[in-house]
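# What the coordinates show
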Amino acid sequence: MTQTATQLKQQRDKLRQYQKRINLQLEKERLLAKQLLKNGKKEKALLLLKKKRYQDQLLDKTENQISNLERMVQDLEFAQIESKVINGLKAGNECLKKMHEVMSVEEVERIMDETQDAIEYQRQIDEMLAGSLSQEDEDAVLAELEAITQGDVQLPEVPSDELPEVPEATEEEPERERPRKKAQRELLAA
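Remember, predicted model here, so these are calculated numbers, not experimental data.

### A few points about the overall build of the protein chain
- Broken down by element type, the protein chain carries five helices and zero strands.
- Helices and strands in the protein chain line up, N terminus first, as α-α-α-α-α.
- Split into buried and exposed, the 190 residues of the protein chain put 11% on the buried side.
- In the protein chain, the proportion of contacts linking residues at least 24 apart, taken out of those at least 6 apart, comes to 65%.

### What to know about the nonpolar core
- Listed in full, the five residues of the largest apolar core are L8, L15, I66, L69 and V73.
- If you list the elements that add at least two residues to this core, you get helix 1 (3-38) and helix 2 (42-102).
- Sorting elements by how many residues they give to this core places helix 2 first, with three residues.
- With sequence-adjacent residues up to four places away left out, I66 is seen in contact with R12, L15, R16 and Q19.

### Regarding the pattern of salt bridges
- Taken as a whole and assessed by the stated rule, the structure comprises nine salt bridges.
- In this structure, the salt-bridge partner of E70 is R16, at a minimum N-O distance of 2.0 Å. In this pair, E70 sits in helix 2 while R16 sits in helix 1, placing the two residues 54 residues apart along the sequence.
- Exposure remark for R16: the relative accessible area of 34% places this residue in the partly exposed category.
- Salt-bridge contacts for R110 lead to E114; the nearest nitrogen and oxygen are separated by 2.5 Å. Of this pair, R110 and E114 are both found in helix 3 (residues 105-131), four residues apart, which corresponds to roughly one turn of the helix.
- Overall, R110 belongs to the partly exposed group, its relative accessible area being 38%.
- For E114, a relative accessible area of 44% puts it in the partly exposed group.

### Examining the confidence of the model for the protein chain
- Per-residue confidence for the protein chain averages 80 on the pLDDT scale, and 83% of its residues sit at or above 70.
- No element of the protein chain has a lower mean pLDDT than helix 5 (residues 174-189), at 54, and none a higher one than helix 2, at 88.

### A short note on helix 2
- For helix 2, spanning 61 residues, the distance from its first C-alpha to its last is 90 Å, which sits close to the expected 90 Å at 1.5 Å a residue.
- Of the positions making up helix 2, those classed as buried are A45, L48, K52, Q55, L59, T62, I66, L69 and V73.

### What about the side chain of R12?
- Position of R12 among the secondary structure elements: in helix 1.
- Those residues in contact with R12 that sit more than four places away from it in its chain are I66, L69 and E70.

### Details of the packing of helix 1 against helix 2
- Their axes nearest at 9 Å, the elements helix 1 and helix 2 cross at an angle of 160°. The angle between the axes of helix 1 and helix 2 places the two elements in the roughly antiparallel class. Crossing handedness for the pair helix 1 and helix 2: left-handed.
- Taken together, the residues that form the contact of helix 1 with helix 2 break down as 20 nonpolar, eight polar and 13 charged.

What counts, and at which threshold
Residues numbered from 1 in each chain as written. Predicted model: local features only at pLDDT ≥ 70, side-chain atom pairs only at ≥ 80, totals over all residues. Heavy atoms only, no water. Helix = DSSP H or I, 4+ residues; strand = E, 2+ residues; numbered from the N terminus. Buried < 20%, exposed > 50% of the residue type's maximum accessible area, 1.4 Å probe, protein only. Contact = heavy atoms within 4.5 Å. Core = buried A, V, L, I, M, F, W, Y, C linked by side-chain atoms within 4.5 Å. Salt bridge = Lys/Arg side-chain N within 4 Å of Asp/Glu carboxyl O. pLDDT = per-residue confidence, 0-100. Expected span 1.5 Å × (residues − 1). Axes fitted to C-alpha atoms, helices over the stretch in contact; angles between N-to-C directions. Parallel < 35°, antiparallel > 145°, perpendicular 65-115°, else oblique. Left-handed = near helix turned anticlockwise from the far one by under 90°. Nonpolar A, V, L, I, M, F, W, Y, C, P; charged D, E, K, R; others polar.

What follows is the structure, encoded as structure tokens:
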């Protein structure tokens, strides 16, 4: 925040303190005016009430000044935000200008054309590869696919022998047993 805004806030705070002081004084004078009326001193009470009225007007002026100061502080803070936004826009525009210098519209069009040519070239290669199988090869591939889906494929036979019992390893022979268990796991996995 700028020094001006800080000064405005300090002035506003001083005015609020002045306002509190006047309010306390007004309350005391009102109580004193009541006391004077009870004691029969009507002239002094009237004079005190006139003074109170004058101070009420001062309070109104003080309130207006506080409102003006608060409005000015808000305007300054908003102007600072606007300034930051404008600086951000300037920086953004500078970046865009640099990007435009690096890459022109013609450059982008050339890159897009090259990309389209490369896609078209790849599509042609794919078509040639897809068409390189003869009709017999295509039929053989389809027949193999049909055989797999129908279950006609000959799979190797699965052994039906039971696996041998494996005795529990003792603490004396743990290393000798480990290779056998590993071999059994490999057989089961196959």
